[in-house]
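# Summary of the model geometry
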Amino acid sequence: MRSLGEMGIRPIVILLEGNPIHLVEYCKYLGKLVRVSSFQESMKELLKYKDAHCKPFVYTSDDNHGSLLDHNYDVLKDYFYFFNAGEKGRISYYMDKDKICAAARECGFNIANGEVLRRGELPTNLRYPVITKTLNPCDYGWKRDVGVFYSAEELAEAYKGMVSERFLVEEFITKKTELSIQGFSVDGGEIVFLPFKSHYLRMPAASYGSFVYYYTNKDKELTDRITQLIRKIGYSGNFEIEFIEKPDGKLVFLEINFRHSLSNYASTIGGVNLPYEWAKATLLHSVEGLTPVRDSFTALFEMKDYNESVKTGKIGLLRWLKDLFTADSYYIWNRHDIRPAVSFYMGKVKRKLRHKSK
């Protein structure tokens, strides 16, 4: 929303209730907030804005709503510009980790050894340690059931507390870092624009990092291979593609997020406003003249990095404060839009006080 807001656009936000932290309502760039209690209600509200003559642009920031629009492709295609793959259900098909990995392998990417298993089943052809991943990001256990296990006994015991029915279980890869590339595609992959690469400066073993270094993408071979994959899917919209970088520098494909991610705003700091430029390129069928204004910059996910780095003793408080004050961009704080950060941190203080009073 901040990226669009900085271009003078005040978005209409359809917000599904349920998350206890709704920072969007405090954003100064908010045009209108519509609260809904179900995905069906989200769709009903969205259709109130349909216009065949001046189609609105629709952005999704979660996989569930992305899948919702994907399954309603035929209903929406004549009235909105939205993230799609040219036919009903195609994005949802490639949200399946096994299917997107198979497509990536066909395009020449390295893929981790893995097996698709039901809850309780043990791998037969993998070496331990292994990592479990919910097969589809729309499943209930998407974040909850991720874990690294060093033996069959550990995995069998962990299954007892998991909620997902099916998993992609992969051999755990020791990583130097993770590489992420954010960009957009127009006309089903005819134009794919990938301005920046990024990697984590601090890296948890089984999670994504929270201190990120961005730099201009000059890797033509990797860009061409990503373009091939996007064209195979037929995708149009903003996206993020992720890799593990092994200690020897080789990349292993992880996934594609067919949506906006929390970290997208950092690209705006680098001079490429991804949601705005996707809309512009969709209308013009061109990215002529679009180039980053910074060669490199950093982004910090404040509290997450503090919890993972300082609280765990990986770095000292003074080192973290130096990184905090020298970062170019933040996930929560923004000096031009401070109310979301104030609400976020005040909420944490209030919850701690309530906890102590019990």
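Shown above is the structure to which this text applies.
Residues numbered from 1 in each chain as written. Predicted model: local features only at pLDDT ≥ 70, side-chain atom pairs only at ≥ 80, totals over all residues. Heavy atoms only, no water.

## Topic: the environment of I244
Along the chain, I244 turns up in strand β10 (residues 237–245). Sequence-wise, I244 and I111 are 133 residues apart; in three dimensions their C-alpha atoms are separated by 9.8 Å. The residues touching I244, leaving out its near neighbours within four places in the chain, are I173, K175, T177, E178, K250, L251, V252 and L254. (Helix = DSSP H or I, 4+ residues; strand = E, 2+ residues; numbered from the N terminus. Contact = heavy atoms within 4.5 Å.)

## Thoughts on the sheet that holds strand β7 (residues 177–186)
Taking strand neighbours across the sheet as the criterion, the seven strands line up as β11-β10-β7-β8-β9-β12-β13 in an open arrangement whose pairing is mixed. The open sheet has two free edges, formed respectively by β11 (251–257) and β13 (329–330), since each of these has just one partner strand. Summarising the sheet, strand β9 (residues 211–216) and strand β12 (residues 296–300) pair through five bridges and their orientation is antiparallel. The residue of β12 that forms the bridge with Y213 is T298. Along the sheet, helix α10 (residues 274–284) contacts β7, β8 (191–200) and β10; its crossing angle with β7, the most-contacted strand, is approximately 35°. Packed on one face of the sheet, helix α12 (residues 317–326) meets β9, β12 and β13 and runs near 120° to β12. (Pairing = 2+ DSSP bridges. Axes fitted to C-alpha atoms, helices over the stretch in contact; angles between N-to-C directions.)

## A few points about the sheet that holds strand β4 (residues 130–134)
Across the sheet, four strands lie side by side as β3-β6-β4-β5; this open sheet has antiparallel pairing. Two strands in the sheet have a free side with no partner beyond their single neighbour: β3 (114–118) and β5 (147–149). Going from strand to strand, the sheet's axes swing by 30° on average, the running direction of each strand aside. Both β4 and strand β6 (residues 166–171) contribute to a ladder of five bridges, which runs antiparallel. Following the sheet pairing, T132 is matched in β6 by V169. Against the sheet, helix α6 (residues 97–106) makes contact with β3, β4 and β6, and its axis sits at roughly 45° relative to β6, the strand it touches most. Running over the sheet, helix α7 (residues 152–159) touches β3, β4, β5 and β6 and is turned about 145° from β5.

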